[in-house]
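The primary structure of each chain is shown beneath.
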Amino acid sequence: MDDKSQRTAVVFNVSKKEIFTPNNGFKSLNKKLRSNWKIIVQKDEITEERLANSKVFIIAGPREKFTGPEFEAIKKYVEEGGSLLVLMGEGGESKFDTNINFLLEYFGIMVNNDSTVRTSYFKYFHPKEALISNGVLNRAFSVAAGKTLPNMSEEDSSAHAQALSYLYPYGATLNVDKSATAVLSTGSVCFPLNRPTCAFHSSKFSKGKVAVIGSVHIFQDQYLDKEENSKIMDVIFRWLTTDEITLNAIDAEDPEINDYNMLPDTAKLADRLRSCLQENDETPRDLNALFDDTLFKLDTTVVPKVLKAYDQLHVKHSQLSLIQPNFEVPLPAMQPAVFPPEFKGLQKPSLDLFDLDEAFSSEKSRLAQITNKCNDDDLEYYVRECGEILGVSSKLPSDARDAKHILEHIFAQVVEFRKLNQDDADNLQY
């Protein structure tokens, strides 16, 4: 691999569906770095060859798991003098669905599955946009940012913690062991209290360096210029790319951080009740002894003390008298609180169904409808219905209105009609 002095590129990894890229979310960061470094976007699998020319390798919020060979390539890259910057967010591995902690634990750092919340409102409305004003753990960090003097006295060391104010949006806390150094914390206002938010690791075998920040949004375009986030970015990249910054050994050995205390989720526990057995006292023979009526009993034991208090306070003791009420507005007239009975009314008159088509359609239309509706098996019904439509049935007796009599009547009418026509034809011939 090339010597570290020959590396001239800052590589952004996007092969694991990172939340932000140089073209989406990190545009301002890209402009600041582009003036001194060549920006490369790494979209393929991570290998030693692809990291050969990288000065700083940035992993910003990965949302996929890394493979074993990729972890080995990153470890070898750091051991041979490379610099690694890892940015995560609230929820840690569980929310991002990645396994980055497997790599970070090798360097003594781990991202927790929690979230940083500011307990009191100041400047920013969302509680997860945590403004931290006393979170510097290593005085060398504030000195590198130009906020305090290098020769500040030991008595003023507490001022180093308040030297920088930075915005820590949607971030998680870190666990840092002795092989790494915590440089920033959540301070005394944000919860969890005094927990690391940024940690550095320097390789013992080479000049390789690792920086981990629990918030990927801290360098986003929306937050990079808020508070002093840009100065924190400058210090981190100066530490990763140069040897100008040396961390204070005293602060690195004993940083002002608290233990990580887990609080129970009372909402979930309330939904998961569990029964338990408890050993009771022996039941007394007199069951009345189990009732405690001292808190709610009504008696006259305190009446003598009350009467004595009248004499001690020199208050006249007299029986209470009824105060007649005096209404400014007379009471309304009394009315019986009853409702009038409801009697069931008469039903609405029922209307007969009336077929308009049957009343207004012509004989031809009605004959066509009955013809389309009937088949060969309905011949009896068909003849009777046609007799009704043509008015034949009304000319027959009520007991002789079947199909046979209807056809007989029609044929008789046809014969009579033919006879009349035949007589007229004979008269015309003569």
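Rules of the game
Residues numbered from 1 in each chain as written. Predicted model: local features only at pLDDT ≥ 70, side-chain atom pairs only at ≥ 80, totals over all residues. Heavy atoms only, no water. Helix = DSSP H or I, 4+ residues; strand = E, 2+ residues; numbered from the N terminus. Rg over C-alpha atoms; globule rule 2.2 N^0.38 Å. Buried < 20%, exposed > 50% of the residue type's maximum accessible area, 1.4 Å probe, protein only. Contact = heavy atoms within 4.5 Å. Lys, Arg positive; Asp, Glu negative; His and termini not counted. Charge placed at Lys NZ, Arg CZ, Asp CG, Glu CD. Pairing = 2+ DSSP bridges. Right-handed = clockwise from strand over helix to strand, strands pointing away. Salt bridge = Lys/Arg side-chain N within 4 Å of Asp/Glu carboxyl O. Phe/Tyr/Trp six-rings, centres within 6.5 Å; stacked < 30°, edge-to-face > 60°. Axes fitted to C-alpha atoms, helices over the stretch in contact; angles between N-to-C directions. Parallel < 35°, antiparallel > 145°, perpendicular 65-115°, else oblique. Nonpolar A, V, L, I, M, F, W, Y, C, P; charged D, E, K, R; others polar.

In terms of helices and strands, the protein chain carries 14 helices and 13 strands. In summary, the protein chain has a C-alpha radius of gyration of 49 Å against a globular reference of 22 Å for 430 residues, an excess of more than 25%. Its C-alpha atoms give the protein chain principal-axis dimensions of roughly 155 × 100 × 60 Å. For the protein chain, the proportion of its 430 residues judged to be buried stands at 36%. Once local pairs closer than 6 in sequence are excluded, the contacts in the protein chain between residues at least 24 apart make up 67%. Of the charged side chains in the protein chain, 49 are positive and 64 negative, and the gap between their average positions amounts to 7 Å.

A word on the pairing of strand S4 (residues 83-87). For S4, the tally of buried residues reaches five of five residues, placing the bulk of the element in the interior. Alternating residues of S4 divide into Ser 83, Leu 85 and Leu 87 and Leu 84 and Val 86, and every residue in both groups is buried. Sheet analysis places strand S3 (residues 54-60) next to S4, joined by five bridges and oriented parallel. Along S4, the bridge assignment pairs Phe 57 with Leu 84. For the crossover from S3 across helix H2 (residues 68-79) to S4, the handedness is right-handed. Alignment of S4 against strand S13 (residues 209-213), held across five bridges, turns out to be parallel. For Leu 84, the partnering residue across the bridge sits in S13 and is Val 210.

Working definition: two side chains of opposite charge can pair if their charged atoms are close together. The full count for this structure, using the stated rule, is 14 salt bridges. Salt-bridge contacts for Lys 207 lead to Asp 243; the nearest nitrogen and oxygen are separated by 3.8 Å. Of this pair, Lys 207 sits in the loop between strand S12 (196-202) and S13 while Asp 243 sits in the loop between helix H7 (229-241) and helix H8 (249-253), and the two are 36 residues apart along the sequence. You'll find Lys 207 and Asp 243 in the same group, each marked exposed. Residues Lys 209 and Asp 243 are paired through a salt bridge, measuring 3.5 Å at the closest nitrogen-oxygen approach. Of the two residues, Lys 209 sits in strand S13 while Asp 243 sits in the loop between H7 and H8, which places them 34 residues apart along the sequence. By relative accessible area, Asp 243 is classed as exposed at 51%.

What follows covers the packing of aromatic side chains. By the definition in use, this model includes ten aromatic pairs. Ring centres 6.4 Å apart and planes at 80° place the aromatic pair Phe 57 and Tyr 77 in the edge-to-face group. Remark: Tyr 77 occurs in helix H2 and Phe 57 occurs in strand S3; sequence separation between them is 20 residues. In this structure Phe 57 comes out as buried when scored by relative accessible area, which is 0%. Under the relative-accessibility criterion, Tyr 77 is labelled buried at 0%. Here the aromatic residues Phe 12, Phe 20 and Phe 26 are joined through ring pairs into a cluster of three or more.

Direction vectors running N to C along helix H12 (residues 363-373) and helix H13 (residues 379-390) enclose 170°, while the axes themselves pass 10 Å from each other. As judged from the angle between their axes, H12 and H13 are roughly antiparallel. Counted together, Glu 363, Arg 366, Leu 367, Ile 370, Thr 371 and Lys 373 of H12 and Tyr 381, Tyr 382, Glu 385, Cys 386, Ile 389 and Leu 390 of H13 form the full contact between these two elements. Along the lines of polarity and charge, the residues of the contact of H12 with H13 split into seven nonpolar, one polar and four charged.

S12 sits mainly inside the fold: six of its seven residues count as buried. Where S12 meets S13, five bridges bridge the pair, whose relative direction is antiparallel. Paired with His 201 across the two strands is Val 210, which belongs to S13. Taken together, S12 and the strand that follows it, S13, pair antiparallel across an intervening segment of six residues.

Put simply, Phe 191 and Pro 192 share a cis peptide bond, and its omega is 0°. Mapped onto the elements of the fold, Pro 192 is located in the loop between strand S11 (190-191) and S12. Despite not being glycine, Tyr 170 shows a phi value in the positive range, around 50°. With phi around 55°, His 314 is a residue other than glycine that occupies positive phi space. One can find His 314 in the loop between helix H10 (303-313) and helix H11 (356-360).

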